[in-house]
Amino acid sequence: MDSFMIKGPCRLKGSVTISGAKNAMLPLMAATIFTGGKCRLENVPDLRDTRTMIKLLKVLGIPAELNEGTLDVDASDPSGFEAPYDLVRTMRASIYALGPLVARFGKARVSLPGGCAWGPRPINLHLQGLKSLGAEIRIDHGYIDASADGLKGAEIILAIPSVGATVNLMLAAVLAEGETVIENAACEPEIKNLADALIGAGAKIDGAGSSRIIIEGVSKIDPFTHRVIPDRIEAGTYAAAAVLTGGEVTINDCNPDHMHAVIDKLRSCGAEIETAERSIHVKGPDKIFPVDIETGFYPAFPTDMQAQMMAVMSVADGASSFVEHVYTDRFTHVPELKRLGAKINLDGSVAVVNGVERLQGAPVMATDIRASSALILAALVAEGDTKILRIYHIDRGYEKIEAKFGKLGAEITRISE
Ligand code: UD1
């Protein structure tokens, strides 16, 4: 298993180019399943999760090939209906195969995802929604067996604006007969990106990006070509790193419009931030002011940036608090940041961070994608060497991270063991 060796402290300087969004690319790849033809996705990041999704498509009889950011998918002749445990356990978003398979072929068998590093992650809303659309769902030996003799539009009120459930239900409802209304839908930009691709392919969808999505079912979705939006979490991670190290970084090929909550908080830390249409310029402060963070559903502060922001607050001039509303147990980075000298008190879903003058390098363990990037950030300002073990988590969600940080002046080496 690979690890990173990072020598700190450093001050980041230069420019970085942001990749396509993992969380936009995965639903788009799933959407190719029901097109019956050749699709092309552009601005696709080369990530471990991309490779996992390619494997899943292949299992379904859909060859896919990634070549320098362009993914060609041939869904002309799908032959499988099962997403096996081996793939689903490494990437929960494999569950996105459920909606399109059952909508197009009337059957799907997808392994139940199980928990994840930061606690339970239920899929009850995906399943309830599919049942409302007329699918029959059985749980059998750890698998979800879904079948339908033609889905029918319905009104679905999501108890929580789940990104995953909104994606899965949109992917099912576009081919259902009649009208589907998804109330309390997730408003994340990745949902709008998916809807735009589907609309271009013949779907009738209104309101994507708002909490009420109306879908009028159609009989087929054409093959499509679509560009993946920039990764707002990757961009936010580099912006946070610039602030933390007191550096000056230009972040290119991003969409600042998707990042208001993060940019506002970083400005409150004392950073000078200028935005243009597709870039952000960040100048970190000499002294970081503490800020309080409450995560929430888009457009609120994203849970996917909570860990990185905690790394920033670890060396702030005073105390800050974090309240995690989306995944109340998502704090596996806390004990690892503490190993680097951070002072953090965790009580349920609330963490209080007392900023320290300096962190110190130490061996630490990556536990999930964003927790791992928080450890990289902390290591950038820690005195001495930090070894981060199990970086396959980072490789799931950050493209060429050591090259990108290296270009900004960080000393970061991948050790293959
Ligand atoms: C997606 C993102 C992930 C991000 C998360 C929250 C992808 C591939 N992953 O995950 O990076 O951290 O959104 O922004 O896009 N819930 C239920 N029942 C369900 C589904 C969800 O109770 O059936 C709850 C979850 O426990 C959580 C909340 O809803 O508390 C939000 O989860 P959800 O938006 O579904 O997250 P994911 O789609 O899994």
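This text gives an overview of the structure that appears in the document. (Residues numbered from 1 in each chain as written. Predicted model: local features only at pLDDT ≥ 70, side-chain atom pairs only at ≥ 80, totals over all residues. Heavy atoms only, no water.)

## Some points on the overall build of the protein
To keep it simple, the criterion reads: Counting from the N terminus, the helices are the DSSP runs of H or I reaching at least four residues and the strands are the DSSP runs of E reaching at least two. With the radius of gyration taken over C-alpha atoms, the globule rule is written as 2.2 Å times the number of residues to the power 0.38. Note on classification: 1.4 Å probe, protein chains only; a residue is buried when its accessible area is under 20% of the maximum for its type, exposed when over 50%, partly exposed between these limits. It only takes one pair of heavy atoms within 4.5 Å for two residues to be counted as in contact. All accessible areas in this document rest on Shrake-Rupley with a 1.4 Å probe, and a residue is counted as covered only by the protein chains that are shown. For the charge count, each Lys or Arg is scored as positive and each Asp or Glu as negative, with His and the chain ends excluded. In this description, the location of a charge corresponds to atom NZ of lysine, CZ of arginine, CG of aspartate or CD of glutamate.
Each helix and strand in the protein was counted, giving 14 helices and 25 strands. Here the C-alpha radius of gyration of the protein, 21 Å, is about what a compact globule of 417 residues would show, namely 22 Å. Structurally, the protein occupies a C-alpha span of about 65 × 45 × 40 Å along its principal axes. Within the protein, the fraction of its 417 residues that count as buried is 58%. Pairs at least 24 residues apart make up 72% of the contacts formed inside the protein by residues separated by at least 6 positions. Accessible surface for the protein amounts to roughly 16300 Å². Of this, 47% is attributable to carbon and sulfur atoms. Each charge sign in the protein was given a centre, from 43 positive and 52 negative side chains, and these centres are 3 Å apart.

## Description of the pairing of strand 9 (residues 143-147)
Put simply, the rule reads: In this scheme, strands are said to pair when DSSP sees at least two bridges between them.
The element strand 9 is extensively covered by neighbouring structure, given that four of its five residues are classed as buried. As judged from the five bridges shared by strand 7 (residues 107-111) and strand 9, these two strands associate in the antiparallel manner. Residue Lys107 lies in a different strand from strand 9, and its bridge partner there is Ser147. In this sheet, strand 9 lies alongside strand 8 (residues 136-140) in antiparallel orientation, the contact comprising five bridges. What sits directly across from Arg138, in strand 9, is Asp145.

## Some words on the site of the ligand
The condition that has to hold: Each residue is tested against the molecule or strand, and it is near if at least one of its non-hydrogen atoms lies within 4 Å. Throughout this description, a polar contact denotes any pair of N or O atoms lying within 3.5 Å of each other; where both atoms belong to protein, one of them has to be capable of donating a hydrogen while the other can accept it, and for residues adjacent in sequence the pair is counted only when both atoms sit in side chains. Nonpolar residues are Ala, Val, Leu, Ile, Met, Phe, Trp, Tyr, Cys and Pro. Charged residues are Asp, Glu, Lys and Arg, and all others, Gly as well, are polar.
Taken together, 18 residues are adjacent to the ligand, and Asn124, Ser162, Val163, Asp304 and Val326 come closest. With respect to the ligand, the backbone of Val163 contributes an N or O atom lying 2.7 Å from an oxygen atom. Taken together, the elements giving at least two residues each to the shell around the ligand come down to helix 5 (124-132) and helix 6 (163-173). Sorting elements by how many residues they give to the shell around the ligand places helix 5 first, with three residues. A class-by-class count of the residues in the shell around the ligand yields nine nonpolar, six polar and three charged.

## Quick look at the packing of helix 4 (residues 98-105) against helix 6
The description of two helices packed together rests on the angle between their axes and the distance between the axes. Stated precisely, the cut-off is as follows: With axes taken as lines fitted to C-alpha atoms, and helix axes fitted only over the stretch in contact, angles between N-to-C directions fall between 0 and 180 degrees. What sets the label is the angle itself: under 35 degrees gives roughly parallel, over 145 gives roughly antiparallel, 65 to 115 gives roughly perpendicular, and the rest give oblique. Take the far helix as your reference; a near helix turned counterclockwise from it by less than a right angle gives a left-handed crossing, and one turned clockwise gives a right-handed crossing.
Across the interface, helix 4 lies against helix 6 with an axial gap of 7 Å and an inter-helix angle of 15 degrees. With respect to each other, helix 4 and helix 6 are oriented roughly parallel. Judged by the sense of rotation from one axis to the other, the crossing of helix 4 with helix 6 is right-handed. Across the interface between the two elements, Leu98, Gly99, Pro100 and Ala103 from helix 4 touch Asn168, Leu171 and Ala172 from helix 6.

## Describing the nonpolar core
What counts is decided by this rule: Joining through side-chain atoms within 4.5 Å is the link that ties buried Ala, Val, Leu, Ile, Met, Phe, Trp, Tyr and Cys residues into a set, and such a set is a nonpolar core.
Counting 82 residues, the largest nonpolar core has Met170, Leu198 and Ile205 as its most contacted members. Residues within four places of Ile205 in sequence aside, it is in contact with Met170, Val174, Ala195, Leu198, Ile199, Ile213, Ile214 and Ile215.

## A closer look at the environment of Tyr327
Inspection of the secondary structure assignment puts Tyr327 in the loop between strand 19 (319-323) and helix 11 (333-339). Looking at Tyr327, the relative accessible area reads 24%, which means it is partly exposed. Sequence-wise, Tyr327 and Pro120 are 207 residues apart; in three dimensions their C-alpha atoms are separated by 8.9 Å. Here Arg121 takes part through its side chain, which lies 3.3 Å from a polar atom of the side chain of Tyr327.

## Some remarks on the packing of helix 8 (residues 232-244) against helix 10 (residues 306-313)
Relative orientation of the contacting elements helix 8 and helix 10 amounts to 5 degrees, with a least axis distance of 9 Å. Classed by the angle they form, the pair helix 8 and helix 10 counts as roughly parallel. Where helix 8 abuts helix 10, its residues Ile233, Thr237, Ala240, Val243 and Leu244 lie against Gln308, Ala311 and Val312. Taken together, the residues that form the contact of helix 8 with helix 10 break down as six nonpolar, two polar and no charged.

## Notes on the pattern of salt bridges
Quick note on the threshold: For this document, the term salt bridge refers to a Lys or Arg side-chain nitrogen within 4 Å of an Asp or Glu carboxyl oxygen.
Going through the model one piece at a time under the given rule, you end up with 22 salt bridges. Arg396 serves as the salt-bridge partner of Asp49, at 2.7 Å between the closest nitrogen and oxygen. With Asp49 in helix 2 (residues 48-59) and Arg396 in helix 13 (residues 392-397), this residue pair connects regions lying 347 residues apart in the sequence. For the pair shown, Asp49 and Arg396 are each scored as buried. The salt bridge partner of Arg109 is Glu82, with a shortest N-O separation of 3.5 Å. Placement of Arg109 in strand 7 and of Glu82 in strand 6 (residues 82-83) is noted, with a sequence separation of 27 residues between them. Exposure remark for Glu82: the relative accessible area of 34% places this residue in the partly exposed category.

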